[in-house]
Structure formats: C-alpha cells, structure tokens
Amino acid sequence: PPPPPPPPPPPTLSPPPPLPPPPPLSPPPPPPTAPAPGSVEALDELHTSKSYETLYEHLAARDDAAELHLAWRFARAHHDLADSLPEADKGRKEALLRAGLAVAEAALARAEEGDAESALCHKWVGILLGALGTYLPTKEKVANSFRIRDALQTAAEMRP
C-alpha cells in the first residue's frame, strides 16, 4: 500500500488587528467647592459634621431664621445642641428644647397650607415634644403623646 499522504500544513495565523486608540481622557471634575458661608448647604454641613454649637450660633445670629426652610433647621439645632450637653446640664437642655419647640410652632403658625418645608417643622415639633417628656410630669407626657402622634403623622403625610 502506498504511504499515507502527509498532513496538510497548519494554517498560518495572521496577527490580530491593532487595538483602537483609547478614548481621550476627559478632564477631571473640578474639586468640590466649599458651600458659601451662611448658605443652607453650609448650615447642613455644620449639622453633618456635628458642629451643633456653631450651627446654633449661626442660625441664632441670622435675621431670616424665622423663614420656614431655616426655622426647622433652627429647631433641629436646639434639639441637637441639647442632646450634646452633659446630663448634669438639665436646666439648659430643657430650655433649649422648649425654645426649639417654640421656633418650630411659630414657623408652623406662619406656614402656608401644603408648604413642603412645613412638614419638617411638624416633624421637629413631634421630636421636640418627645424629648421634652424627660422633664414633664406623667399627665403632661400622656397629653403630649397625642400631639406628638399628630405632628409626626402630618409630617409623614406631607413628605412620605
């Protein structure tokens, strides 16, 4: 028998096509800018960084702290500052909570129907009433529980 034919030569591989050039680099984003002093963003940054005393002082010094978008922040600053004080400072804590409650309630009295910012005032009325419970007799705590429920329910309905 004749010898088997030799195997066919292996196919020659062509080199892969060149890779496309990388996309041009986009310029890096600008560095974040610090919020303008006294702006709402700066106030919120003070709250985030837990600089409650400074936040409280900034809001207390403002002429427009009664505006709704600042009033709830001022009420919150009262609460947060009171919460940051030592337990031995009960008198100042209670005074701050009562003053914060007055700020939030006064803002609600001036608020227009359906204003989204008033939901946050309702929220802080409820929170401050709850925090004041530590300093109130039981009968007053029970009476306030209904106000707390109503304030927080209203806040939740306005800003689900």
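Going by the structure above, here's the rest.
In short, a report on the structure. Nothing here was measured: the structure is a model prediction, and the numbers come from that model.

Topic: the overall build of the protein
When helices and strands are tallied, the protein shows six helices and zero strands. When its helices and strands are written in sequence order, the protein yields α-α-α-α-α-α. The C-alpha radius of gyration of the protein comes to 32 Å, more than 25% above the 15 Å expected for a compact globule of 160 residues. The principal-axis extent of the C-alpha atoms belonging to the protein is close to 115 × 40 × 40 Å. Here the protein, with 160 residues, has 30% of them falling under the buried criterion. Charged side chains in the protein number 15 positive and 21 negative. The centres of these two groups are separated by 7 Å.

Quick word on unusual backbone geometry
Non-glycine residue Lys50 carries a positive phi angle of around 60°. Given the relative accessible area of 61%, Lys50 is considered exposed.

Thoughts on the pattern of salt bridges
The final tally for this structure, using the stated rule, is eight salt bridges. For Glu53, the salt bridge goes to Arg92, with nearest N and O atoms at 3.7 Å. Taken together, the residues Glu53 in helix H2 (residues 52-60) and Arg92 in helix H4 (residues 90-110) connect sequence positions 39 residues apart. A relative accessible area of 33% means that Arg92 is categorised as partly exposed. For Glu94, the salt bridge identified is with Arg98, shortest N-O distance 3.0 Å.

Rules used throughout
- Residues numbered from 1 in each chain as written.
- Predicted model: local features only at pLDDT ≥ 70, side-chain atom pairs only at ≥ 80, totals over all residues.
- Heavy atoms only, no water.
- Helix = DSSP H or I, 4+ residues; strand = E, 2+ residues; numbered from the N terminus.
- Rg over C-alpha atoms; globule rule 2.2 N^0.38 Å.
- Buried < 20%, exposed > 50% of the residue type's maximum accessible area, 1.4 Å probe, protein only.
- Lys, Arg positive; Asp, Glu negative; His and termini not counted.
- Charge placed at Lys NZ, Arg CZ, Asp CG, Glu CD.
- Salt bridge = Lys/Arg side-chain N within 4 Å of Asp/Glu carboxyl O.

Read these as geometric descriptors, not functional statements.
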